[in-house]
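Tertiary structure, described
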Amino acid sequence: MAGQDESNQSAYRRLKETINQTYPKGWFVGIAGEQIIGAAESFPELERSLRARGKDPRTVLVVEAGVDVPEFVTILA
């Protein structure tokens, strides 16, 4: 599973600009197999869509379009 997580993260970095230009800000976008496999206005809607297509949401990286999340954060300095 760790390898899959890393490839999804890598795909996100590669697709981030496309996601931000293609989907409205705040939409939830699912990435698996190094590609976008779904998008929806809400997380529950995306989860239902993935399950309906036989995808396990636990194996999908879900990101929000237009939302920048830092790769690293310092919790206590």
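Rules and cut-offs
- Residues numbered from 1 in each chain as written.
- Predicted model: local features only at pLDDT ≥ 70, side-chain atom pairs only at ≥ 80, totals over all residues.
- Heavy atoms only, no water.
- Salt bridge = Lys/Arg side-chain N within 4 Å of Asp/Glu carboxyl O.
- Helix = DSSP H or I, 4+ residues; strand = E, 2+ residues; numbered from the N terminus.
- Buried < 20%, exposed > 50% of the residue type's maximum accessible area, 1.4 Å probe, protein only.
- Pairing = 2+ DSSP bridges.
- Phe/Tyr/Trp six-rings, centres within 6.5 Å; stacked < 30°, edge-to-face > 60°.
- pLDDT = per-residue confidence, 0-100.
- Axes fitted to C-alpha atoms, helices over the stretch in contact; angles between N-to-C directions.
- Contact = heavy atoms within 4.5 Å.

Looking now at the pattern of salt bridges. Overall, the coordinates contain four salt bridges when judged by the stated rule. A salt bridge links Glu 34 to Arg 14, with the nearest nitrogen and oxygen atoms 4.0 Å apart. Separated by 20 residues along the polypeptide, Glu 34 in the loop between strand S1 (28–32) and strand S2 (35–40) and Arg 14 in helix H1 (residues 2–22) bring together distant segments of the chain. Relative accessible area serves as the criterion here: at 43%, Glu 34 is assigned to the partly exposed category. With a shortest N-O distance of 3.1 Å, Glu 47 and Arg 51 are connected by a salt bridge. Of the two residues, Glu 47 and Arg 51 both sit in helix H2 (residues 43–52), four residues apart, roughly one turn of that helix. For Glu 47, a relative accessible area of 26% translates into the label partly exposed.

Our next topic: the pairing of S2. Summarising the sheet, S1 and S2 pair through five bridges and their orientation is antiparallel. Note on S2: the bridge partner recorded for Ile 31 is Ile 36. Count of turn residues in the S1/S2 antiparallel hairpin: two residues, of which Gly 33 carries a positive phi of about 60 degrees.

Glancing now at the packing of aromatic side chains. Enumeration over the complete set of coordinates arrives at one aromatic pair. Look at Phe 28 and Phe 43: their rings are 6.1 Å apart centre to centre, the planes differ by 75 degrees, and that puts the pair in the edge-to-face class. Of this pair, Phe 28 sits in strand S1 while Phe 43 sits in helix H2; the two residues are 15 residues apart in sequence, bridging distant segments of the chain. By relative accessible area, Phe 43 is classed as partly exposed at 37%.

Attention now goes to the confidence of the model for the chain. On average, residues of the chain score 90 in pLDDT, and 88% of them reach the 70 mark or higher. The spread of mean pLDDT over the elements of the chain runs between H1, the lowest at 89, and H2, the highest at 97.

Here the focus is the sheet that holds S2. Spatial strand order, S2-S1-S3: three strands in an open sheet with antiparallel pairing. With one partner strand each, in any of the chains shown, S2 and strand S3 (61–64) form the two edges of the open sheet. Averaged over all pairs of adjacent strands, the angle between their axes in this sheet comes to 30 degrees, without regard to strand direction. Packing of H2 onto the sheet brings it into contact with S1, S2 and S3, and relative to S2 it is tilted by some 125 degrees.

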